[in-house]
Amino acid sequence: MEYSEEELYQLYAKSIYRYIFSLCGEADTAEELTQETFYLALKNLHTFRGESSPQVWLCAIAKRLWYKELARRKRLISTQEAIFPPSPEGNPAEDFMRHNDRLALYYAMQRLAPETREVIYLRLAGDFSFRDIGAILGRSEIWARMRFYRGKEELARMLGGKGK
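**Student:** So what exactly am I meant to see when it comes to the overall build of the protein here?
**Tutor:** Secondary structure assignment for the protein yields eight helices and zero strands. Each helix and strand of the protein, placed in order from N terminus to C terminus, yields the pattern α-α-α-α-α-α-α-α. Across the 164 residues of the protein, 38% fall into the buried class. Taking contacts inside the protein between residues at least 6 apart in sequence as the whole, the part at least 24 apart equals 59%. Looking at the protein as shown, the accessible area adds up to about 10200 Å², and 53% of this sits on carbon and sulfur atoms.

What follows is the structure, given as C-alpha cells:
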C-alpha cells in the first residue's frame, strides 16, 4: 500500500512518539526523535519494501536513532520522572509512599534484562501489540508474550509479591 507523506505521518506519528518516549522517558527528546524518524523515513520512503508494516519499519528507524542519541550522550537517561510523575493530590505522606513505591518499581525494572524491560515498556507505555513488539525486536509474537509474562512475574518476585 502506498502512503502519501502526510498520511504516513498522520497514521503513525503518535505511536512512534510513544515508542520513543517509552525508550527515553523525555518528552522533548521523544518529539525531536519522532520528527527525525519521519524525516529519514520520508527521505528514504523509496527503500520501504513492505516486508513489515510501516509502523514496524518506522520503529526500527526510531530505535536506531535512539541508540545513536545514547552513543552521543554516552550515558543512560533516567526515565523515572517521565514514567512516574508526582501525584496531583499534594498530600506529602501519600506522595512519599507513592514515590517510594514508584522508585522500587523503577529500580526493579532496571534490574530486568534489557529486552524484557523493552518489551514491558513497549506494551505498557507504547501500547503496542505483542505482534508489533515481536516485529520491532526481530522476534516472534509468542516470544514477546512470554517475555512480557516472565518480566511481570520477575517484577512481582523482586517487589515481594506473588511469583515463583
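**Student:** What is the right way to read the packing of aromatic side chains from this model?
**Tutor:** In this description, an aromatic ring pair is defined by two values, namely the gap between the centres and the angle between the planes. Tallied over the full model, the rule gives five aromatic pairs. Relative to F128, the ring of Y19 lies with its centre 5.8 Å away and its plane at 85°, an arrangement referred to as edge-to-face. Taken together, the residues Y19 in helix α1 (residues 5–24) and F128 in the loop between α6 (114–124) and α7 (130–136) connect sequence positions 109 residues apart. Above the ring of F130, the side-chain terminus of R123 is found at 4.1 Å from the ring centroid.

What counts, and at which threshold
Residues numbered from 1 in each chain as written. Predicted model: local features only at pLDDT ≥ 70, side-chain atom pairs only at ≥ 80, totals over all residues. Heavy atoms only, no water. Helix = DSSP H or I, 4+ residues; strand = E, 2+ residues; numbered from the N terminus. Buried < 20%, exposed > 50% of the residue type's maximum accessible area, 1.4 Å probe, protein only. Contact = heavy atoms within 4.5 Å. Areas by Shrake-Rupley, 256 points an atom, 1.4 Å probe, with all protein chains shown as cover. Phe/Tyr/Trp six-rings, centres within 6.5 Å; stacked < 30°, edge-to-face > 60°. Lys NZ or Arg CZ within 6 Å of the ring centre and 35° of its normal.

All quantities given are derived from atomic positions and should not be read as evidence of function.
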